[in-house]
Amino acid sequence: NQSACMACPGGLYSTVLGSATVSSCKVCTPGSSCTGGQRQPCAKGSYSNVEKLLTCKVCLDGQYQSTTGQTGCDACPTGTYLPPSSIPAKHESVTQCLPCPAGRYGQSSSSAACSQCVRGKWSAKVGAKDENTCRLCPPNTISKTLGATNVTLCKACDPGFHASTNRADCLSNG
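Residues numbered from 1 in each chain as written. Predicted model: local features only at pLDDT ≥ 70, side-chain atom pairs only at ≥ 80, totals over all residues. Heavy atoms only, no water.

Trainee: I tried to follow the overall build of the protein chain on my own but got confused; where do I start?
Mentor: The helix and strand inventory of the protein chain stands at zero helices and 18 strands. Its C-alpha radius of gyration of 27 Å places the protein chain more than 25% over the 16 Å reference for a compact globule of 174 residues. Projecting the C-alpha coordinates of the protein chain onto the three principal axes gives extents of approximately 105 × 25 × 20 Å. Counting every position in the protein chain, which comprises 174 residues, the buried fraction comes to 34%. The contacts in the protein chain between residues at least 6 apart in sequence include a share of 40% that link residues at least 24 apart. (Helix = DSSP H or I, 4+ residues; strand = E, 2+ residues; numbered from the N terminus. Rg over C-alpha atoms; globule rule 2.2 N^0.38 Å. Buried < 20%, exposed > 50% of the residue type's maximum accessible area, 1.4 Å probe, protein only. Contact = heavy atoms within 4.5 Å.)

Here's what the structure looks like:
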């Protein structure tokens, strides 16, 4: 009478070949996933922060992980962003964190997108880290463009009008 081999339930694994009991199964630890009785370290771009995980989680938007078997992900630096993706390979390296383009800034780490300069302001700087990079249009000019990338997008007000304080609108002099 021979006992049949048993696979460990999901979230558990075994290093013992030919085991017939669940008692030889070990709890899958953070940094790995366990299915079919096999333990696998989480791939680059993914993580596991709890026990008994069946599948590792992809790093969140604005985060990456360049090492296997990790319990968390690293934040993209300020002035950069990492767009949403459900593919771990898109979250494997800090080099995948893209610099904020001109007219935008990344004020916090772990950004999935960069904020735009408001109307009346512009910025030519790539990789800007805060809103102060957005410069006010020159006197008596305005910009109605969100995320303006150049001072040439600031246009003069017509005769009889002047620029508002925030340089977003032309107001009548009369």
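Trainee: Looking at this structure, I do not really get the packing of aromatic side chains. What am I missing?
Mentor: Any aromatic ring pair is given by two values, namely how distant the centres are and how the planes are angled relative to each other. The final tally for this structure, using the stated rule, is zero aromatic pairs. In this structure, Arg39 is placed above the aromatic ring of Tyr13, and the distance from its NZ or CZ to the ring centre is 5.8 Å. (Phe/Tyr/Trp six-rings, centres within 6.5 Å; stacked < 30°, edge-to-face > 60°. Lys NZ or Arg CZ within 6 Å of the ring centre and 35° of its normal.)

Trainee: Any chance you could explain the state of the cysteines here in plain terms?
Mentor: Disulfide: a covalent bond connecting the sulfur atoms of a pair of cysteines. Using the criterion set out here, one finds nine disulfides in the structure. Cys42 shares a disulfide with Cys56; S-S distance 2.1 Å. Since a negative S-S torsion denotes a left-handed disulfide, the Cys42-Cys56 link at about -80° is left-handed. A residue pair is termed long-range when its members are at least 10 positions apart, and Cys42 in the loop between strand 4 (38–41) and strand 5 (46–47) and Cys56 in the loop between strand 5 and strand 6 (57–58) qualify at 14 residues. (Disulfide = S-S within 2.5 Å.)

Trainee: I keep staring at the environment of Val50 and nothing clicks. Help me out?
Mentor: Among the secondary structure elements, Val50 is positioned in the loop between strand 5 and strand 6. A residue is classified by how much of its surface remains accessible, and Val50, at 36% relative accessible area, is partly exposed. With 21 residues separating them in the primary sequence, Val50 and Thr29 have C-alpha atoms 7.1 Å apart. When neighbours within four sequence positions are excluded, Val50 is seen to be in contact with Thr29 and Pro30.

Trainee: Quick question: what am I supposed to make of unusual backbone geometry here?
Mentor: With glycine set apart, most residues show a phi of negative sign, and most peptide bonds adopt trans. Phi is positive for Asn140, which is not a glycine, with a value near 60°. With respect to the element layout, Asn140 can be found in the loop between strand 14 (135–136) and strand 15 (141–142). In this structure Asn140 comes out as partly exposed when scored by relative accessible area, which is 36%.

Trainee: Is there a simple way to explain the pairing of strand 4 in this structure?
Mentor: Consecutive side chains along a regular strand alternate between the two faces of the sheet. Relative to strand 4, strand 3 (residues 32–35) is paired through four bridges, and the arrangement is antiparallel. Note that in strand 4 the partner of Cys34 across the bridge is Arg39. (Pairing = 2+ DSSP bridges.)

Trainee: Looking at this model, I keep getting lost on the pattern of salt bridges. Mind explaining?
Mentor: It is possible for side chains bearing opposite charge to pair when their charged atoms get close. Here the structure, examined in full by the defined rule, presents two salt bridges. With a shortest N-O distance of 2.8 Å, Asp169 and Lys144 are connected by a salt bridge. Of the two residues, Asp169 is situated in the loop between strand 17 (161–163) and strand 18 (170–172) and Lys144 in the loop between strand 15 and strand 16 (155–156); the sequence distance between them amounts to 25 residues. Overall, Asp169 belongs to the partly exposed group, its relative accessible area being 30%. Among the residues examined, Lys144 registers a relative accessible area of 51% and is labelled exposed. (Salt bridge = Lys/Arg side-chain N within 4 Å of Asp/Glu carboxyl O.)

Trainee: How should the side chain of Ser111 be read in this particular structure?
Mentor: With respect to the helices and strands, Ser111 occurs in the loop between strand 11 (104–105) and strand 12 (115–116). For Ser111, a relative accessible area of 9% corresponds to the buried category. Polar side-chain contacts of Ser111 include one of 2.9 Å to the backbone oxygen of Ser108. Not counting residues within four places of it along the chain, the set of residues in contact with Ser111 comprises Gly62, Thr80, Tyr81 and Leu82. (Polar contact = N/O pair within 3.5 Å; in protein donor to acceptor, adjacent residues only side chain to side chain.)

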